Amino acid sequence: MFVLDADSSSIHTHGMVYSPTDPSMLISVGEDGVKIWDLNKQALRRALKNTPRMNCLAISPNGKQLAGCQQHFGSQTKCNILTYTVPGGRTKETISTPFTYCNYIQYSPEGGMLAVSGTERRFHDGALRRWNLDTGKQRRAIEGHEGQIGVFGFSSDGRHLVTGGEDKLAHIWNHSSREQLATLKHPEKVWGACFSNDGSIVATVGGKNIFLWSVPKGKKLATLKGHSDTVFDLAISPDGEKLASASADKTVRFWSLSSKMEIAVYEWEVGELRNVAFSCDGMTAAVSSDSGKIVVWDVVD
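Residues numbered from 1 in each chain as written. Predicted model: local features only at pLDDT ≥ 70, side-chain atom pairs only at ≥ 80, totals over all residues. Heavy atoms only, no water.

Draft legend 1. Representation of the overall build of the protein chain. Looking only at helices and strands, the protein chain features zero helices and 28 strands. For a compact globule of 301 residues, the expected C-alpha radius of gyration is about 19 Å, and the protein chain comes in at 18 Å, within 12% of that figure. Projected onto the principal axes, the alpha-carbon positions of the protein chain cover approximately 50 × 45 × 30 Å. Out of the 301 residues in the protein chain, the part that is buried amounts to 58%. The contacts of the protein chain with a sequence gap of at least 6 include a subset with a gap of at least 24, amounting to 40%. Carbon and sulfur atoms make up 44% of the accessible area of the protein chain, which totals about 12,800 Å². (Helix = DSSP H or I, 4+ residues; strand = E, 2+ residues; numbered from the N terminus. Rg over C-alpha atoms; globule rule 2.2 N^0.38 Å. Buried < 20%, exposed > 50% of the residue type's maximum accessible area, 1.4 Å probe, protein only. Contact = heavy atoms within 4.5 Å. Areas by Shrake-Rupley, 256 points an atom, 1.4 Å probe, with all protein chains shown as cover.)

The structure is reproduced here in structure tokens:
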């Protein structure tokens, strides 16, 4: 286990992703901007230029492109999507958005589209907006929430989409038709959501509990209890067997998707834990905190 000082401002890291092709590469974004880490050397590999005020981060499925949302202040506050080459950090494209603040960004599984949720000036907040990266044109929005969409995720085959919002709902969608297939009710606003690797289960978070649902019908399969405070993020291991959860109770917990039982608990004195992720080979995991620190540790079966 080792700790990276990802953000010298001591403000929580806004986003963190592993490279999908290189298990030794971790990328973080915070008030200091975007940083690329070499986990073998436990050191900073590169800090990307002109990346302050970025509040979310995504990496393409082939690991060659990075996308983030950057706030700009002036007569009108706006948030643009910037894309960069990896690992060089050369700016590739800038996409203007209607958002004043972006909550979440993600590439589609085939890498041809970027989806973003956030706060808008003139439009309904509860919309997921998508851009075709080949043409730069915006596709039709997916709408169904009252208030902001805080998180969303694609199934690995791209057929299904899950969105979670401050309206305490999560929706399962047919991604291509934008048809709403199921509505999942939660006790609190939905902070995290992800699909199992085979797409048959979606995991969501509402408060301190984790819920497992069938796809596409949305039947509740289990409620995972163990955290004592809000859970902020979820991640599935590459082998599809473990679900990781990061919480304000300062713990990461591993759960077995087959038995629906807790199998490990990790705790470090680095503050509330926000983002959690597995390396592409499943050998390590990382979690970010509200202190600007990232903990990396070996995953033991």
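Draft legend 2. Looking closely at the pairing of strand β15 (residues 160-165). Among the six residues of β15, six are classified as buried, and the element is accordingly described as predominantly covered. Residue alternation in β15 divides its side chains into two sets, His 160, Val 162 and Gly 164 and Leu 161, Thr 163 and Gly 165, and both sets are buried. Hairpin remark: strand β14 (residues 149-154) followed by β15, antiparallel, with five residues in the connecting loop; positive phi at Gly 158, about 80 degrees. Relative to strand β16 (residues 169-174), β15 runs antiparallel, the two being bridged by five bridges. The partner of Gly 164 across the bridge, within β16, is Ala 170. What sits between the antiparallel neighbours β15 and β16 is a turn of three residues, in which Lys 168 has the positive phi angle 70 degrees. (Pairing = 2+ DSSP bridges.)

Draft legend 3. The arrangement of the sheet that holds strand β19 (residues 201-206) in detail. On the basis of which strands lie adjacent, the open sheet formed by four strands has the order β18-β19-β20-β21 and antiparallel pairing. Each edge of the sheet is formed by a strand with only one pairing partner; in this case those strands are β18 (190-195) and β21 (220-224). Strand-to-strand twist of the sheet, defined as the mean angle between neighbouring strand axes without regard to direction, takes the value 20 degrees. Sheet analysis places strand β20 (residues 209-214) next to β21, joined by four bridges and oriented antiparallel. The partner of Leu 212 across the bridge, within β21, is Ala 222. (Axes fitted to C-alpha atoms, helices over the stretch in contact; angles between N-to-C directions.)

Draft legend 4. Focus on the pattern of salt bridges. Counted by the stated rule, this structure contains four salt bridges. Where Asp 239 meets Lys 242, a salt bridge forms, and the shortest distance between an N and an O atom there is 3.5 Å. The exposure class assigned to Asp 239 is partly exposed, which follows from its relative accessible area of 44%. Classification of Lys 242 as buried rests on a relative accessible area of 9%. For Arg 274, the salt bridge goes to Glu 272, with nearest N and O atoms at 3.2 Å. (Salt bridge = Lys/Arg side-chain N within 4 Å of Asp/Glu carboxyl O.)

Draft legend 5. View of the sheet that holds strand β25 (residues 262-267). With respect to topology, four strands assemble into an open sheet ordered β22-β23-β24-β25, the strand pairing being antiparallel. The sheet terminates laterally at β22 (231-236) and β25, the two strands that pair on one side only. For this sheet the average axis-to-axis angle between neighbouring strands, irrespective of direction, equals 20 degrees.

Draft legend 6. Summary view of the nonpolar core. Counting residues in each nonpolar core, the largest one holds 17 residues, and the members touching the most others are Val 252, Phe 254, Trp 268, Val 287 and Trp 297. Only β23 (242-247), β24 (251-256), β25, β26 (273-278), β27 (284-289) and β28 (293-298) provide two or more residues apiece to this core. For this core, the element with the highest residue contribution is β26, accounting for three residues. Each residue touching Trp 297, except ones within four places of it in the same chain, is listed here: Met 1, Val 252, Phe 254, Tyr 266, Trp 268, Met 283, Thr 284, Ala 285, Ala 286 and Val 287. If you look at the next biggest cluster of nonpolar residues, it comprises 15 residues, including Cys 79, Ile 81, Tyr 107 and Trp 131. (Core = buried A, V, L, I, M, F, W, Y, C linked by side-chain atoms within 4.5 Å.)

Draft legend 7. Spatial organisation of the packing of aromatic side chains. For the structure on display, the rule yields ten aromatic pairs. Ring geometry for Phe 211 against Trp 213: centres 6.2 Å apart, planes inclined by 45 degrees, an arrangement best described as tilted. Given the relative accessible area of 5%, Phe 211 is considered buried. Look at Trp 213 and you get buried, because its relative accessible area is 5%. Arranged with centres 5.9 Å apart and planes meeting at 10 degrees, the rings of Tyr 266 and Trp 268 form a pair that is stacked. Looking at Tyr 266, the relative accessible area reads 18%, which means it is buried. The exposure class assigned to Trp 268 is buried, which follows from its relative accessible area of 12%. Among the aromatic residues, ring-to-ring pairing joins Phe 254, Tyr 266, Trp 268, Phe 278 and Trp 297 into one connected group. The lysine or arginine in question, Arg 274, covers the ring of Phe 232, its NZ or CZ lying 4.5 Å from the ring centre. (Phe/Tyr/Trp six-rings, centres within 6.5 Å; stacked < 30°, edge-to-face > 60°. Lys NZ or Arg CZ within 6 Å of the ring centre and 35° of its normal.)

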